[in-house]
Amino acid sequence: MIKPNRVKQYCQFTAINEDTTASSGNAVSTFLNAASVSDLEQGTPLGIAVTSADNTNGRWQFTLDGTTFNQLGVPTAPFARLLDATNPNHKIRFFPDLDFFGTATMKYRAWDKTDGRSAGEEGNTSTTGGASAFSAGEVTKTITVNPINDEPTQTLQLVADRNEDVGLVTIAGFATTTKGGGSDENSQTLSFSLTNDN
């Protein structure tokens, strides 16, 4: 069973920054330990079953070799992703959408490996607790994506040559600028200066 009063420390992923695309993820071995879960037959459960993942603002991914990450997809109770907490290469990470910042969550149950399935496969967690392979308790784990200040950009329009002494020429849309980033940068004021070298 999962001991709710002892799982708080395991309910947060390591925070990442906005637009992070190469996070190493968190090892499944850190999701539960003997202080937070117990199994009368098996002792400390040896894995987890991911039952839900919020992909609204990005994609959850998992790896079995510690290097190559695969899409976690949309796990559900009948099709939960099984991962091994004794294998240090089994990890989960969040790949945020461009400019997203905020939080995302996933859910999992403890898995004692008594259902005949192997890590990496899908398992049916519709039956939980008692003599089943999955804990009745379910943990919600959250990741925080921190906002960052994106670099602004500007594009200058090519201007056709003008004859000497032609007078004042107005060029519409000479410079196009963007503040960069998402909604957190809408209130920023962007300014630039223009000089010539002749």
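In case you missed it, the structure is sitting above this.
Residues numbered from 1 in each chain as written. Predicted model: local features only at pLDDT ≥ 70, side-chain atom pairs only at ≥ 80, totals over all residues. Heavy atoms only, no water.

A closer look at the environment of Ser-132
Stage number 1. Mapped onto the fold, Ser-132 is located in the loop between strand E9 (122-123) and strand E10 (139-146).
Stage number 2. Each C-alpha atom of the pair Ser-132 and Trp-111 lies 9.0 Å from the other, and the pair is 21 residues apart in sequence.
Stage number 3. In this structure the side chain of Ser-132 is engaged in a polar contact, spanning 3.0 Å, whose partner is the backbone oxygen of Phe-134. (Helix = DSSP H or I, 4+ residues; strand = E, 2+ residues; numbered from the N terminus. Polar contact = N/O pair within 3.5 Å; in protein donor to acceptor, adjacent residues only side chain to side chain.)

Topic: the sheet that holds strand E3 (residues 47-53)
Stage number 1. Reading across from one edge, E1-E10-E8-E3-E6-E9 is the order of the 6 strands in this open sheet, with mixed pairing throughout. Looking at which strands have only one partner, the edges of the open sheet turn out to be strand E1 (16-17) and E9.
Stage number 2. Strand direction decides the pairing type here: E1 and E10, joined by 2 bridges, are parallel. Across the sheet, the residue bridging to Asn-17 is Asn-146, located in E10. (Pairing = 2+ DSSP bridges.)

Just geometry here; none of it tells us what the structure is for.
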